[in-house]
There are 4 protein chains.
Amino acid sequence: MAKLWGGRFTGENRSAHFTASIGTDQRLYREDIKGSIAHAEMLAHQGIISAEEGRHIVDGLRIIEAKIASGAVELTEEHEDIHMNIEALLIEEIGTAGEKLHTGRSRNDQVATDMHLYMKTAIGTVLKRLRDLQDAVVELAERHSMVMMPGYTHLQRAQPVLFSHHLLAYFFMLKRDEERLIAARERTDQCPLGAGALAGSSLPLDRVMVAEDLGFTSLYANSMDAVSDRDYLIEFASASALIMMHLSRLAEELILWSSHEFGFVELDDAYATGSSIMPQKKNPDTMELVRGKTGRVYGNLTTLLTMMKSLPLAYHSDMQEDKEAVFDTLDTVTACLAITAEVINTLHVHPKRMASGLNDDFSLATDVADYLVAQGVPFRRAHRIVGEVVRYCLAGGLSLSELTLDTWQAFSPAFSEDIVNGVDAASSIAGRKTPGGAGGESVKAQIEEARRHLASPY
Amino acid sequence: MAKLWGGRFTGENRSAHFTASIGTDQRLYREDIKGSIAHAEMLAHQGIISAEEGRHIVDGLRIIEAKIASGAVELTEEHEDIHMNIEALLIEEIGTAGEKLHTGRSRNDQVATDMHLYMKTAIGTVLKRLRDLQDAVVELAERHSMVMMPGYTHLQRAQPVLFSHHLLAYFFMLKRDEERLIAARERTDQCPLGAGALAGSSLPLDRVMVAEDLGFTSLYANSMDAVSDRDYLIEFASASALIMMHLSRLAEELILWSSHEFGFVELDDAYATGSSIMPQKKNPDTMELVRGKTGRVYGNLTTLLTMMKSLPLAYHSDMQEDKEAVFDTLDTVTACLAITAEVINTLHVHPKRMASGLNDDFSLATDVADYLVAQGVPFRRAHRIVGEVVRYCLAGGLSLSELTLDTWQAFSPAFSEDIVNGVDAASSIAGRKTPGGAGGESVKAQIEEARRHLASPY
Amino acid sequence: MAKLWGGRFTGENRSAHFTASIGTDQRLYREDIKGSIAHAEMLAHQGIISAEEGRHIVDGLRIIEAKIASGAVELTEEHEDIHMNIEALLIEEIGTAGEKLHTGRSRNDQVATDMHLYMKTAIGTVLKRLRDLQDAVVELAERHSMVMMPGYTHLQRAQPVLFSHHLLAYFFMLKRDEERLIAARERTDQCPLGAGALAGSSLPLDRVMVAEDLGFTSLYANSMDAVSDRDYLIEFASASALIMMHLSRLAEELILWSSHEFGFVELDDAYATGSSIMPQKKNPDTMELVRGKTGRVYGNLTTLLTMMKSLPLAYHSDMQEDKEAVFDTLDTVTACLAITAEVINTLHVHPKRMASGLNDDFSLATDVADYLVAQGVPFRRAHRIVGEVVRYCLAGGLSLSELTLDTWQAFSPAFSEDIVNGVDAASSIAGRKTPGGAGGESVKAQIEEARRHLASPY
Amino acid sequence: MAKLWGGRFTGENRSAHFTASIGTDQRLYREDIKGSIAHAEMLAHQGIISAEEGRHIVDGLRIIEAKIASGAVELTEEHEDIHMNIEALLIEEIGTAGEKLHTGRSRNDQVATDMHLYMKTAIGTVLKRLRDLQDAVVELAERHSMVMMPGYTHLQRAQPVLFSHHLLAYFFMLKRDEERLIAARERTDQCPLGAGALAGSSLPLDRVMVAEDLGFTSLYANSMDAVSDRDYLIEFASASALIMMHLSRLAEELILWSSHEFGFVELDDAYATGSSIMPQKKNPDTMELVRGKTGRVYGNLTTLLTMMKSLPLAYHSDMQEDKEAVFDTLDTVTACLAITAEVINTLHVHPKRMASGLNDDFSLATDVADYLVAQGVPFRRAHRIVGEVVRYCLAGGLSLSELTLDTWQAFSPAFSEDIVNGVDAASSIAGRKTPGGAGGESVKAQIEEARRHLASPY
């Protein structure tokens, strides 16, 4: 069967399977039809086609939408992509009027319009999932707001913190993700239709009318830019890479904390899997997959950036490759946010394991140094003194709480009676009163801020 | 010499060369000192150190800044990084008071503060370069506002456009780059100081005072997030990758247009190089390097994303690797924007070569189809008819302008006398009156919009 | 329905859809069954199961293979992956004996075995496609062995070369690709079966027997390495990235050469597409897609490297993500090699356009410098003299062939009568007699070498 | 000062700083001089320059090499790169004869020759470091050959293994790295000199003589390929990415094992660092940096692949960007291998912590299932039974060793007396006798294989 663009060609096309994108872009059928309806109505309004032709086209497109939705029609590689498939179905459905739909339009601005429409909605979906996860994190933090745990740097016990404080760090990461996605959505909200193949049109198209019909708040100001811009997709992919980076960190911690050695948490059975050979195994499979899927989202970003490198203006078929990378990113991020929220919502927390050893693991050493600072010892000197105390303890297998006053004073005369058993995890944490610090007041303030945020529109 | 953190350690450190970052982070010395001054003044204000100690520290830091600037002191791997080097110099300079500077502070929040300060300024520099290039593009477009050239899609001649219209597409790409950088700068404008190692401080630090002193508009709300957040650097790297993608496209076009075959432009001798062997060569070296350097900026983004993947909270030394990737990105983007602006500002344009063949290369075929549409022929049918005309011409070695009325009418009775020589490039372009289209009016409007933008603050 | 590993679990699994891989790994069903047959036969041979049980299992597996091939059974997310699906089908098919198949085996070594088997064959397929393309390149070079064209560096005309010489550069690139793939296949040829979950087995498995049955030439020497090694996949992805890099260069050239401005070649209609709006367009779509698909293969490499970063031993579910990236790489590379070979095989070459202007474009300047060298002028001086001659010509709009002897001698007395019209493209090319040079003799030798290579096994 | 290639140019060059590569490529000065000496000797041998000129050049080059080595001369951006700097120094040193050095040569084949020479040596260095690390791993394994530890999958305790077995997995990973590097070195061992700018030479160069002088075993067969091939660098970067992936896994484990919770090992003080604020901290800094530096090596691979994408033949300045990415990869990989070997060589191992809990953590469940299999219970049924036993124990806070015979038999009559205390870690490990399994015999065989390998040349 002849291609709709085939007038100039001789012989048979032998690359249809290689070049066809219908397998991927059929996902855009609703947006494609929505864009075509707006285009047809504008053509009729401008008198480029008759009002009746306009009505026939719109009715025809609605019929086709229903048929595609119900699976009543077949989309074929013969017609390459969703645009040509729908146009061919339309011509079949309504005859001559259908041959007028593509007046003043090119697939270049058409596919760009479809993707802009699609992505505006898609970003909204991701934002919803982000909020769900933020909500789960805040809920869990609130549920365990005073549970103590070791705070780590370099995976070494550093200073005791509240579990809720640790969790809330993720809330703020996800909040930045939200901001980036909202900004990306704003830059997506621009209508390319009317840019034609690359040069606009000599027909009296009303670009503003179309854009408003489709719910866009602005127009592309330059037609060549309109058809060759993929920034909005790359910006989405970049924001998604950061989301996955954050999720990979959270996943890593949940996997770590689920280990026999940490034992801080346990995933609900519903989100873990067993082993085909080892009967005792309960693997934090979901979180491993989230961590692993970070790779594909990073990879998709590489794909898109590579694809666009060095392409002269305006449209090239290379750009057709954008869709799989973007859809895969979208599906992956959406699914990973959702499963992580469920895992958090059902997480079993073991406060005793978390708090165990906090007074004996030297993570209060900084408090001891601060004690000396309060006695007027310069910090750098205090640090050195406490370092030596720690070395002494390690050599003798002692913990700080086992030291006598004499021993303390052998290291510095600035120590007095109150140092013996004077530092403990609970008061250390409580003392961290700086805004944003690990103490209970700060956590309360953070949860309040989080709640306000979760009540705000997005 | 003993490490300032060495109290707990025995034996000699043998990994100083491997772990030291002074070779890279010395670039932060002004920001480090600025941050330390603000910290010391706050410590004094809060009575954590005495007013006199505060003054000694501030004076000492200013002396050290001058010494580093003049090269009067040596920064050593012995002291690992810029922070420890400056602290050691300070203690050497002012004695005991110097040992109090680090009170209530960790390198974790210190380095984060330095980088936030540095990046706020650095993004400002990139924005300035972006504006310079935007300006160069608009200037060139205005200088040649009515020069015609072939518009391309798939690198095939598609429709004639104005050279200025083609150029302005880049203006709008760069405008989006600007928006992204401004957003990134906003998210950079957050003060981590006071977060300590990860948990805040038990000392009565005034985080708000410090932040205001340093010109930050907000505080990190969670201390663990504050020390482990590298989003702002990755966001800068992502925005930079898009800038380079845009520059790679422009560079590709300038290289293409400089070829013997295109001959549309010639780089000024000042921005081209010769060959060591071929005496006639004039290579668009600068533009090739810009295109090539796209790779390193993409690579740096990969570096940063990889580095952060799966790191548990809070700080890890992995994050120390952020600086080289970010600084290299910054230097590369800044230099590439600057050189491209210079190349554009001095570009030799060959309007005749650009316009040559526009009436004989079939790029007016769409206008012929639109002609038929105006006669009531449905677009899809018109497309097929003109495709057949083109095939006929190709077979006979003819151009459209050589066809007689009889020949035209053999393809469609809808053709009449005015088709013979009735389409030409100039009127085709002039007819593209849709907003954002390739016509002169649209270009005028785009230039006006660009001028308004260039007059706006950033 | 209960999971086959579910003994230890309570409650319903709610992450089956997220964790299931059957959508992707069903592609491995033949390899999975092949591996299971070898495993069952070995279990029987070792007396771990009875001979009869062994026969039942093998027969059952063959039935299931036929059913999957014919679509007679459904593979479900319920059973997660191809391994559990087949085991469940087997148990359904043959009862108790089926419950013995997984004796002494884990999915960890099973999936690794499947992938090794799959990739050995898959690499063979890619090698075949590489040979087809090499063959197409050599055929085309031979068909046009004496066609002259400009040789470019920096996309500037540099020195005339033979089209065949230019083409053969790609033959040698593809030859290296072949070498890398063969090496990758060798490192893939290692049997992991018998490694169990990570620790081998306490049952008397005969790993050598299984490996030989499956056609492997060696065993993994360490069970933990066996189940956690994905090097062979990353090595394949790396080799594929280089193949795509090469194809992207060839594609770029074919796109460039197909442009109006170059006009060196034309793709056959069968491998080009038209425009939905512009009737005259013939776009080198296939080659643009090949170039664009480079992005996804690079992206897949990023995916795999990211996925494996920092994973502790031994198996993690992250690794499950390997398959989509590898299969997509495989499919992309295979299709791109095939389509490129077809494009080359059907390419229309325009020798006149290629040769046009070769005597007037200064690309013989190096020959003039070599002429001076032959007269004893030091090369660096000769280079400068000819550079000045070129500058003189450019200023006056002259070509080298238009200069009189007087003019030549005004630049250097070393010029004599024979310089006037003494250099031309054909003799310049013919004179490049160094091995591997652009001359006809070298091309002949290259083609002979290529033919020998194409006759060798791989 | 005029550029050596400047004959054709007017006006001042204003992009020297941007285009100069001397800051990076000065590292190639020895190779550049070595290549020039071989070239000059060949020119003299072929009578293209006189024997005396040849001697002058060679002597001059040796003087310049000494001067560069001692810092007696300045290399300037004025002369762009190492090649032009040395040529200019040579002309200054020996006059006219120096102007003849570049006869029959281009920087395109010259820089390729330099890099091939450099990389052959550099790969040798990396191979040496790989062997050092392999050696450290095998030493450590041998030193602790019978130490038991939990084997993990999904970071869950899976089955007990020997620490030595776990370590040896890394030996085999590094062995594959070695194979890949050796293959990369073989493909690097090809001489491009004589390819000229792209087309070979019309002078009677003896490429074979030069290649032999420089120690190459083969010649590039096509001059355009010779100057535009960067495969060997990308192949090195790919092999390096895999090395870093392996090191990141080992680093992750060492960091994990150094944690308070695991406590399996402790880095020597010489390879750890302290905290600026927390006196007790001992951070596995070196291993974190190794893990973090994985990012830059992955990034460099992205850089190189991106850079080469879509470049037409032959040379482009984009390729100049190869050096920083390759040198950074080389330095990073070399340093990371070295520091990791030192960390392994000085590692403190805590066998008791490793072995603790092995009998009570359910990691012997697979052995119990195998016990049932030995009693004739089909494996899948045995798996389910033991899963239920584990569930029972978890609910009651029991370990397997606490179960009475009655309890065992309540789950399956196939259990008999010997199951009570019948499984323990030591015998479980000892029973894993399959080749490559976790048992002592297998480890012994692996160490023997490793020793043989370490004695082999590379």
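Attention in this report is confined to the structure presented alongside it.

What counts, and where the lines are drawn
- Residues numbered from 1 in each chain as written.
- Chains lettered and ligands numbered in written order.
- Predicted model: local features only at pLDDT ≥ 70, side-chain atom pairs only at ≥ 80, totals over all residues.
- Heavy atoms only, no water.
- Helix = DSSP H or I, 4+ residues; strand = E, 2+ residues; numbered from the N terminus.
- Contact = heavy atoms within 4.5 Å.
- Buried area = accessible area lost by both parts, 1.4 Å probe.
- Salt bridge = Lys/Arg side-chain N within 4 Å of Asp/Glu carboxyl O.
- Polar contact = N/O pair within 3.5 Å; in protein donor to acceptor, adjacent residues only side chain to side chain.
- Axes fitted to C-alpha atoms, helices over the stretch in contact; angles between N-to-C directions.
- Parallel < 35°, antiparallel > 145°, perpendicular 65-115°, else oblique.
- Left-handed = near helix turned anticlockwise from the far one by under 90°.
- Nonpolar A, V, L, I, M, F, W, Y, C, P; charged D, E, K, R; others polar.

Remarks on unusual backbone geometry
A cis amide bond, omega -5°, links Leu313(C) with the succeeding residue Ala314(C). Here Ala314(C) lies in the loop between helix H11 (285–308) and helix H12 (322–345). For Ser310(A), which is not glycine, the phi dihedral falls at a positive 65°. The phi dihedral of Glu80(C) falls on the positive side, at around 65°, and the residue is not glycine.

Remarks on the interface of chain B and chain A
In this assembly, 108 residues from chain B lie in contact with 108 residues from chain A. In total, chain B and chain A occlude about 9,000 Å² of area from one another, counting both sides; carbon and sulfur atoms represent 56% of this. Among the residues of chain B in contact with chain A, Arg249(B), Leu313(B) and Arg380(B) are the three that bury the most area, contributing 9% of the side total. Taken together, chain B and chain A are joined by 18 salt bridges. We note a salt bridge from Glu87(A) to Arg380(B), for which the minimum N-O separation is 2.6 Å. Here chain B is connected to chain A by 62 residue pairs in polar contact (both at pLDDT 80 or more). It is helix H10 (residues 231–257) of chain B that contributes the most residues to the side of chain B that touches chain A, 13 residues altogether.

A look at the packing of helix H6 (residues 107–143) of chain A against helix H18 (residues 440–454) of chain A
All names here are of chain A. At a minimum axis separation of 11 Å, H6 and H18 run at an interaxial angle of 150°. Of the possible angle classes, the one that applies to H6 and H18 is roughly antiparallel. Crossing hand, H6 versus H18: left-handed. Counted together, Arg-131, Gln-134, Asp-135, Val-138, Glu-139, Ala-141 and Glu-142 of H6 and Ile-447, Ala-450, Arg-451, His-453 and Leu-454 of H18 form the full contact between these two elements. Across the contact of H6 with H18, the residue classes tally to five nonpolar, two polar and five charged.

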